[in-house]
Amino acid sequence: FPPHPVHTRSPGASSEEGAGVYVSFVTVSRIDTFRGDMGARLRNWVEFIQHRCREHAVSAEVVIVEWNPLEGGRAIADTLRPIVDPSGVPVRVITVGRAFHDRVEEGTKQTFLEFIGKNVGGRRARGGMLLFSNPDNLFSPALYQALAKEKLDADAFFRIPR
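Since the model is a prediction, treat every value here as computed from it, not as a measurement. (Residues numbered from 1 in each chain as written. Predicted model: local features only at pLDDT ≥ 70, side-chain atom pairs only at ≥ 80, totals over all residues. Heavy atoms only, no water.)

Asks: So what exactly am I meant to see when it comes to the packing of aromatic side chains here?
Replies: Two aromatic rings are characterised by how far apart their centres lie and by the angle between their planes. Tallied over the full model, the rule gives 3 aromatic pairs. On the numbers, 5.9 Å between centres and 25° between planes, the contact of F25 with Y144 is stacked. One end of the pair, F25, is in strand β2 (residues 23-29); the other, Y144, is in helix α5 (residues 141-149), and 119 residues separate them in sequence. Taken individually, F25 and Y144 each receive the classification buried, so the pair is uniform in this respect. Between W67 and F100, the aromatic rings sit 6.1 Å apart at their centres with planes inclined by 75°, giving edge-to-face as the arrangement. Placement of the pair is W67 in strand β3 (residues 60-67) and F100 in helix α3 (residues 98-105), with a sequence separation of 33 residues. Overall, the relative accessible area of 0% leaves W67 in the buried class. Accessibility expressed as a relative area gives 23% for F100, which makes it partly exposed. (Phe/Tyr/Trp six-rings, centres within 6.5 Å; stacked < 30°, edge-to-face > 60°. Helix = DSSP H or I, 4+ residues; strand = E, 2+ residues; numbered from the N terminus. Buried < 20%, exposed > 50% of the residue type's maximum accessible area, 1.4 Å probe, protein only.)

Encoded structure:
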């Protein structure tokens, strides 16, 4: 994979130190047609986060877990590469392939394990604070303003009702 702001790692890779990353935006997805154009939704989500973080000077990264991608389908990293700003918020894609999925799926017949995928992303996130989301959730400027202050209680659990 050539050097680029969109990086991929396997689910077993160890976490890397991310000096200066206050918050990691973590989601899980894959490019399919289950609920419309997921590629477009992901691109919008990443662009929105990059814009708001730049606007409010939030030290952040985006971690996207690509769970059990469809054979022959377009990779998330390839979908995002044209829109990721190399000078902006880093975007990492962690691909969880079929072999790993089959080991943890345990006979449920599900092909997409959202919450296990979010755990994979959270374990590999570099930020001191983790914000788990779905790629169709866009956040208000007030959230980015709060994140920019870097004063959240690390021992607290925050929830944003939608």
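Asks: Help me out: how do you make sense of the side chain of K118 in this one?
Replies: Residue placement: K118 occurs in helix α4 (residues 114-124). The contacts of K118, once residues within four sequence positions are left out, are V26, V28, F132, S133 and N134. (Contact = heavy atoms within 4.5 Å.)

Asks: Help me out: how do you make sense of the confidence of the model for the protein in this one?
Replies: Detail in the predicted coordinates should be disregarded across regions flagged by low pLDDT. Overall, the prediction assigns the protein a mean pLDDT of 85, with 88% of residues at 70 or greater. Across residues 1-17, where pLDDT falls below 50, the model places 45 contacts with residues more than four positions away in sequence or in other chains. (pLDDT = per-residue confidence, 0-100.)

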